[in-house]
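Structure assessment
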Amino acid sequence: MNIKKIIWITVALAFSICLSAQNKSAGINLSIWKGISTQPLDSTQTSYINIGVFSTMNRLNGIGVNLLGCVSRENMSGIQLSGLSNIAGRKMNGIQLAGFTNISGNSMRGIAATGLINITGNDGNGVLLSGLTNISGDRMAGVMMSGLMNITGEKASGFQLSGMANIAGKSFNGMMVSGFLNVTGEDLTGIQLAGIANITADKAMGMQIGLCNYATNACGLQIGLINYCQKELKGFQFGLVNASPETKTQLLLYGGNTTAGSIGVRFKNRLFYTILGLGGYSLNLNDKFSASTFYRAGLSLPIYKGFSLSGDMGYEHIESLKNKGNGIPKRLYAIQLRINAEYMITKKFGMFATGGYGWTRRYGHAHNFDTGIIAEAGIIISPK
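All values derive from a computational prediction rather than experimental measurement. (Residues numbered from 1 in each chain as written. Predicted model: local features only at pLDDT ≥ 70, side-chain atom pairs only at ≥ 80, totals over all residues. Heavy atoms only, no water.)

Helices and strands together make up the secondary structure of the protein, namely one helix and 29 strands. The globule rule puts the C-alpha radius of gyration for 384 residues at 21 Å, and the 34 Å found for the protein is more than 25% above it. In terms of its C-alpha atoms, the protein occupies a principal-axis envelope of roughly 120 × 50 × 35 Å. Going through the 384 residues of the protein one by one, you find that 38% of them count as buried. Taking the intrachain contacts of the protein between residues at least 6 apart in sequence as the baseline, contacts between residues at least 24 apart amount to 19%. Within the protein, one finds 32 positive and 17 negative side-chain charges whose respective centroids are separated by 4 Å. (Helix = DSSP H or I, 4+ residues; strand = E, 2+ residues; numbered from the N terminus. Rg over C-alpha atoms; globule rule 2.2 N^0.38 Å. Buried < 20%, exposed > 50% of the residue type's maximum accessible area, 1.4 Å probe, protein only. Contact = heavy atoms within 4.5 Å. Lys, Arg positive; Asp, Glu negative; His and termini not counted. Charge placed at Lys NZ, Arg CZ, Asp CG, Glu CD.)

Here it is in structure tokens:
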């Protein structure tokens, strides 16, 4: 045997002896409870295979399967599968599956799925799936899906889906979908879709879709019943009420051949406007008056100085009141088209005249109950 072979054999034997001394039980950790296992708990040990009831180890590089829980005080690379909880003290790279809780102390790379809650420390990259809540620290990139709520810290990107709320502490890039509420602490780049409300505390670049939408500054679209941009709007709002710094809130008082008197509040932007109001409605001049509520949306075009032309479509709900039983149903609705000419005499006071046509129907019936021309006139009061 030559000298080179002797040297290599000596090195290999020394390495084997050192590895055996440093990593006892050949990296196999069979554990009943903390301190009752085949591998001691010290900083030199790495577990490659772990099977037990509740295990606590220094480091896991491989797979851990436990009836109750698995705790890796340092890093975990591989798979943790437990009936109750998994904990990786510093870094988790791989897969965590638990009945109740997964916790990664510093960072997470991979997939964490649990029945109740996932918690990651500073950084998360991958997929978090929970029955109730996902919580990520400073940064999260990937997918978060929960039955109740997703919460992220400074920066988050990707896709979030929750039954109740998604909350991003500062910025979010991607898409948020929730049954009730989406909140971004500072900036949004992407889409917020909520059953009730979307809130972006600073700048929203993209789209907000919900019953109520709010952004301090908006660049894109807001679609909902109530849309509000506090400071600067670069885009469009489509909803029942649209408000931005450019919005003029005006009071309309008017009457005509179908109404003895109506009052409406108009939210007027540069071109588009919406009107909410109530008044009295008459099917013809011989009828007693009925009560109505209405909504109109339209487009206004400035012609010359204070003079403008506008057109809108409206929906009016009618309660027939004392007319009920005289051949008139208890409730009706009307679809109406109007063309309006208005002139603002001053910045706060103006007048308008309207011509249009309306179709009145019973609810649940396809044919018209009544049709007719609309002729109205009134005044405009603008507080600002």
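The full count for this structure, using the stated rule, is nine salt bridges. E74 is the salt-bridge partner of R90, the closest N and O atoms lying 3.3 Å from each other. Of this pair, R90 sits in the loop between β6 (85-88) and β7 (91-98) while E74 sits in the loop between β4 (60-72) and β5 (76-82); the two residues are 16 residues apart in sequence, bridging distant segments of the chain. The exposure class of E74 is partly exposed, given its relative accessible area of 22%. A salt bridge links K268 to E342, with the nearest nitrogen and oxygen atoms 3.6 Å apart. With K268 in strand β23 (residues 262-268) and E342 in strand β27 (residues 331-344), the pair connects residues that are 74 residues apart, well separated along the chain. No difference in accessibility class separates K268 from E342, as the two residues are buried. (Salt bridge = Lys/Arg side-chain N within 4 Å of Asp/Glu carboxyl O.)

Another aspect to go through is the packing of aromatic side chains. What the rule picks out here adds up to eight aromatic pairs. With a centroid separation of 6.0 Å and an interplanar angle of 25 degrees, the aromatic rings of Y315 and Y333 are classed as stacked. Taken together, the residues span a long stretch of sequence, with Y315 in strand β26 (residues 307-319) and Y333 in strand β27 at a distance of 18 residues. You can call Y315 partly exposed: its relative accessible area is 35%. Ring pairs connect the aromatic residues Y254, F294 and F352, which therefore count as one cluster. A cation over an aromatic ring shows up here: R266 above the ring of Y273, its NZ or CZ 5.7 Å from the ring centre. (Phe/Tyr/Trp six-rings, centres within 6.5 Å; stacked < 30°, edge-to-face > 60°. Lys NZ or Arg CZ within 6 Å of the ring centre and 35° of its normal.)

Taken together, the side chains of E154, E186, D187 and D202 make up a negatively charged region of the molecular surface. Secondary-structure assignment places E186 in the loop between β18 (181-184) and β19 (188-194). Given the relative accessible area of 36%, E186 is considered partly exposed. (Patch = residues over 30% accessible without salt bridge, like charges linked within 9 Å, V, L, I, M, F, W, Y side chains within 5 Å. Areas by Shrake-Rupley, 256 points an atom, 1.4 Å probe, with all protein chains shown as cover.)

Here the protein averages 88 in pLDDT, while 91% of its residues score no lower than 70. Confidence over residues 6-21 falls short of pLDDT 50; this stretch has two contacts with residues more than four positions distant or in other chains. (pLDDT = per-residue confidence, 0-100.)

Summarising the element assignment, G277 is placed in strand β24 (residues 272-281). The exposure class assigned to G277 is buried, which follows from its relative accessible area of 17%. Remark: the alpha-carbon pair of G277 and S262, spanning 15 residues in sequence, is separated by 7.2 Å. The contacts of G277, once residues within four sequence positions are left out, are I263, G264, S292, T293 and F294.

Take the state of the cysteines next. All told, the structure shown has zero disulfides when counted by the stated rule. Just so you know, C212 is unpaired, no disulfide at all, and the nearest cysteine sulfur is the one on C229, 15 Å from it. On the basis of relative accessible area, C212 is assigned to the partly exposed category, the value being 32%. (Disulfide = S-S within 2.5 Å.)

Another point: the pairing of β6. Side-chain alternation along β6 places N86 and A88 on a buried face and S85 and I87 on a face that remains uncovered. As judged from the four bridges shared by β4 and β6, these two strands associate in the parallel manner. Within β6, the position partnered with G69 by the bridge is S85. With four bridges joining them, β6 and strand β8 (residues 101-104) adopt parallel strand pairing. Paired with I87 across the bridge in β8 is I103. (Pairing = 2+ DSSP bridges.)

Listed in full, the 11 residues of the largest apolar core are M57, L60, C70, M76, A88, M92, M108, A112, L128, M140 and M144. In contact with C70, other than residues within four places in its own chain, are N50, S55, M57, Q80, S82, S85, N86 and I87. Core analysis: the second largest hydrophobic core is formed by nine residues, F172, A204, A218 and C229 among them. (Core = buried A, V, L, I, M, F, W, Y, C linked by side-chain atoms within 4.5 Å.)

Here we take up the layout of surface pockets. Roughly 340 Å³ of volume is contained in the largest pocket. Lining the largest pocket are 17 residues, with K248, K268, S308, E342 and M344 sitting closest to its centre. Where the lining of the largest pocket is concerned, the elements lending two or more residues are β22 (248-256), β25 (290-304), β26 and β27. For the lining of the largest pocket, the class distribution of residues is three nonpolar, six polar and eight charged. Reported here for the second largest pocket is a volume of approximately 250 Å³. Taken together, L233, G235, F236, Q237, N242, S244, E246, N269, R270, L271 and F272 make up the lining of the second largest pocket. Broken down by class, the residue content of the lining of the second largest pocket amounts to four nonpolar, five polar and two charged. (1 Å grid on protein atoms, 1.4 Å probe; cavity = no way out; pocket = protein on both sides within 12 Å on 5 of 7 lines; lining within 4 Å. Points joined across faces, edges and corners; volume = space filled by probe spheres on them. Nonpolar A, V, L, I, M, F, W, Y, C, P; charged D, E, K, R; others polar.)

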